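Spelled out, the chains give:
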Amino acid sequence: AQAYFAGDRTVEECAELIQAISKYKRTGNKYPVAEEMADVYIMLTENLITLDLDEKVMEIVEFKITRTLEKMAEQTEDDISQFFDRLMKRFTEVR
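Everything quoted here is computed from the prediction, not taken from an experiment.

Engineer: Could you give an account of the pattern of salt bridges, naming the residues involved and the relevant values?
Structural biologist: Where charged atoms of side chains with opposite charge meet at close range, the side chains can pair. Overall, the coordinates contain two salt bridges when judged by the stated rule. One salt bridge connects Arg 9 with Glu 46, and the closest N-O pair in it is separated by 3.8 Å. Placement of Arg 9 in helix α1 (residues 7-27) and of Glu 46 in helix α2 (residues 31-50) is noted, with a sequence separation of 37 residues between them. In this structure, Lys 56 engages Glu 59 in a salt bridge whose closest nitrogen and oxygen atoms are separated by 3.7 Å. A residue pair is termed a helical-turn pair when its members lie 3 or 4 positions apart in one helix, as Lys 56 and Glu 59 do in helix α3 (residues 54-71) at three residues. Overall, the relative accessible area of 47% leaves Lys 56 in the partly exposed class.

Here is the structure:
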């Protein structure tokens, strides 16, 4: 039996986030963006667990963070260090 996958709900929540971001650009109201981000975050977390992809996704996230930091090399070392620390704190809290 295939595991439950909330694909349609995830797509719906992502579409709502896109709409909220578009509206934010016009109005400057961040609250709807935060609310929709929370919904997307919940759906992604649910799907990570359901599809047993949490470890694989974290590997990819760590790779992409490293790549991003390398691209930011022209910034000061302190900026990069603070950025990396904030990102890693967020992702280790999720684990």
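Having seen the model, we can carry on.
Engineer: An account of a nonpolar patch on the surface is requested, with residue identities and associated values reported.
Structural biologist: Side chains of Phe 5, Leu 51 and Leu 53 sit close together on the surface and give an oily, nonpolar patch of about 260 Å² of accessible area. Relative to the helices and strands, Phe 5 resides in the segment before α1. Residue class for Phe 5 comes out partly exposed when judged on its relative accessible area of 46%.

Engineer: Explain the nonpolar core residue by residue, including any values.
Structural biologist: Taken as a class, soluble globular proteins show a tendency for nonpolar side chains to be buried jointly. Counting residues in each nonpolar core, the largest one holds five residues, listed as Val 61, Ile 65, Leu 69, Met 72 and Met 88. In terms of residue count, α3 provides more of this core than any other element does, three residues in total.

Engineer: Summarise the side chain of Glu 36; cite the residues concerned and give the values.
Structural biologist: In this fold, Glu 36 is placed in helix α2. No salt bridge is formed by the buried Glu 36; the nearest opposite charge belongs to Lys 23, separated by 10 Å. Excluding residues within four positions of it along the chain, Glu 36 makes contact with Glu 13, Glu 16, Leu 17 and Ala 20.

Engineer: Tell me what's going on with unusual backbone geometry, and back it up with residues and numbers.
Structural biologist: Note on backbone geometry: most residues besides glycine have negative phi, and most peptide bonds are trans. With a phi angle near 55°, Asp 52 is a residue other than glycine that sits in the positive phi range. Mapped onto the fold, Asp 52 is located in the loop between α2 and α3. Asp 52 gets classed as exposed once you look at its relative accessible area, which sits at 62%.

Engineer: Requested: an account of the side chain of Thr 10, with residues and values cited.
Structural biologist: Turning to its location among the elements, Thr 10 is positioned in helix α1. In this structure, Thr 10 is in contact with Met 43, Leu 44 and Asn 47, ignoring residues within four places of it in sequence.

The rules behind these values
Residues numbered from 1 in each chain as written. Predicted model: local features only at pLDDT ≥ 70, side-chain atom pairs only at ≥ 80, totals over all residues. Heavy atoms only, no water. Salt bridge = Lys/Arg side-chain N within 4 Å of Asp/Glu carboxyl O. Helix = DSSP H or I, 4+ residues; strand = E, 2+ residues; numbered from the N terminus. Buried < 20%, exposed > 50% of the residue type's maximum accessible area, 1.4 Å probe, protein only. Patch = residues over 30% accessible without salt bridge, like charges linked within 9 Å, V, L, I, M, F, W, Y side chains within 5 Å. Areas by Shrake-Rupley, 256 points an atom, 1.4 Å probe, with all protein chains shown as cover. Core = buried A, V, L, I, M, F, W, Y, C linked by side-chain atoms within 4.5 Å. Lys, Arg positive; Asp, Glu negative; His and termini not counted. Contact = heavy atoms within 4.5 Å.

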